[in-house]
Amino acid sequence: MLKYRRILLKLSGESLAGAEGYGIDVKMLDRYAEEIKRALELGAEIALVIGGGNIFRGVSAAAENMDRVQADHMGMLATVINALAFQDALERNGIYTRLMSAIKMEQVAEPFIRRRAIRHLEKGRVVIFGAGTGNPYFTTDTAASLRAVEIEADVIIKGTRVDGVYDSDPEKNPAAEMFSNISYLDVLRQNLRVMDLTAITLCRENQLPIVVMNMNRDHNFARLLNGEPVGTLVHS
Ligand code: UDP
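Residues numbered from 1 in each chain as written. Predicted model: local features only at pLDDT ≥ 70, side-chain atom pairs only at ≥ 80, totals over all residues.

Engineer: I tried to follow the UniProt feature "binding site: UMP" (unreviewed entry) in the chain on my own but got confused; where do I start?
Structural biologist: The UniProt record marks Gly52, Asp72, Thr133, Gly134, Asn135, Pro136, Tyr137, Phe138, Thr139 and Thr140 with the feature "binding site: UMP" (unreviewed entry), using the residue numbering of this structure. For the residues just named, distributed over 89 residues, the greatest C-alpha separation is only 14.2 Å, placing them together at one site. In this structure, glycine 52 sits in the loop between β2 (45-50) and α2 (58-63). By C-beta crowding, glycine 52 is classed as buried, having 28 other C-beta atoms within 10 Å. Excluding anything up to four places from it in sequence, glycine 52 contacts Gly13, Arg57, Gly75, Ala78, Thr79, Asn82 and Thr140. Inspection of the secondary structure puts aspartate 72 in helix α3 (residues 68-92). Aspartate 72 has contacts with Gly58, Pro136 and Tyr137, leaving out every residue within four places of it along the chain. (UniProt positions renumbered as here; feature names shortened; annotations may be inferred. Helix = DSSP H or I, 4+ residues; strand = E, 2+ residues; numbered from the N terminus. Buried ≥ 20, exposed ≤ 12 C-beta atoms within 10 Å, placed from the backbone. Contact = placed C-beta atoms within 7 Å.)

Engineer: Explain helix α7 (residues 197-205) here, please?
Structural biologist: Residue pairs three or four apart in sequence face the same way in an α-helix, which turns once every 3.6 residues. Among the residues of α7, Ala199, Ile200 and Cys203 are the ones counted as buried. Down the axis of α7, the sector holding all buried residues measures 95°, keeping them to one side. Facing away from the buried side of α7, by more than 90 degrees, are the exposed residues Leu197 and Glu205. Looking at the buried residues of α7, the elements they touch are α5 (140-150), β6 (155-160), α6 (184-189) and β8 (210-214). One or two positions beyond α7, positive phi appears at glutamine 207, with a value near 55°. (Arc of directions from axis to C-beta.)

Engineer: I tried to follow the site of the ligand on my own but got confused; where do I start?
Structural biologist: The ligand sits among 24 residues. The nearest are Gly51, Gly53, Gly58, Gly75 and Gly132. Listed by contribution, the elements that provide at least two residues to the shell around the ligand are α2, α3 and α5. Looking at which element gives the most residues to the shell around the ligand, the answer is α3, with 6 residues. Looking at side-chain class alone, the shell around the ligand contains 7 nonpolar, 13 polar and 4 charged residues. (Near = placed C-beta within 6 Å. Nonpolar A, V, L, I, M, F, W, Y, C, P; charged D, E, K, R; others polar.)

Engineer: Please explain the nonpolar core as it appears in this structure.
Structural biologist: Generally speaking, a soluble globular protein has its nonpolar side chains buried in company with each other. If you look at the biggest cluster of nonpolar residues, it comprises 69 residues, and the most contacted ones within it are Leu48 and Ile156. The contact partners of isoleucine 156, leaving out residues within four places of it in the chain, are Leu8, Lys10, Ala144, Ser145, Ala148, Cys203, Leu208 and Ile210. (Core = buried A, V, L, I, M, F, W, Y, C linked by C-beta atoms within 7 Å.)

Engineer: What is the right way to look at the sheet that holds β2 in this model?
Structural biologist: Two strands in a sheet stick together by hydrogen bonds in their backbones, pointing the same way (parallel) or opposite ways (antiparallel). Strand order in the open sheet made by the 9 strands is β4-β3-β5-β2-β1-β6-β8-β9-β7, with mixed pairing throughout. The two strands at the open ends of the sheet, each matched to only one other strand, are β4 (110-111) and β7 (181-183). Sheet topology places strand β1 (residues 6-11) next to β2; 6 bridges connect them, and they run parallel. Counterpart to leucine 8 in the pairing with β2 is alanine 47. This element, helix α4 (residues 114-122), spans β1, β2, β3 (97-101) and β5 (126-130) of the sheet and lies at about 150° to β5. (Pairing = 2+ DSSP bridges. Axes fitted to C-alpha atoms, helices over the stretch in contact; angles between N-to-C directions.)

Rendered as structure tokens:
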């Protein structure tokens, strides 16, 4: 019996970049594809939202005087580039996929249609949601929460390079302690950087649990689905 059956997995753009810190590292994509394949073999349904920060982040460009909406459009297109790279890696690993974009680009991706997305998942295809929410001033964390609620996912899994949510940054403070469980309210009160406020609020209002876990440890995803104590669970 799987702990979660329908999953929305959110990966940041940076997680595709590997050691370089920018661009796309195909070896990272292949690792994630293997993790996803193991989860599919267990019977999970998987949807993906991938960020764009390894290529372009609207808010950073806006800080340097670029028009914010223009920059966010670029950021959303960056997520589609990552989504195409991810789709390629999944298909090379024998996984059926569909890419659905929140911005229409028919030659490249299907438009996002909720019922169709659910149908793909039921048929065992991995659905990648590209172009965020399709709106400027949002993030892909919020897109992940929105799509997860829409497709009635059991959980959002935020794949990171640390093991979970800590009381301080574990990459800077070796004494940082990890939570195994934490409430949405404590995340908000303590200003812990799990996801941005809009995303957390949407999850909280819809009672959608979030698991933050390390996506760079082999078999972690499958272990979580098998009910092992992996990562931090954020819940009500
Ligand atoms: N973006 C946007 N609307 C959305 C999602 C993303 O405008 O609904 C833009 C925004 O400019 C953002 C960029 O796309 O900076 C990349 O997304 P994000 O920063 O969330 O990527 P991540 O940090 O996960 O790599």
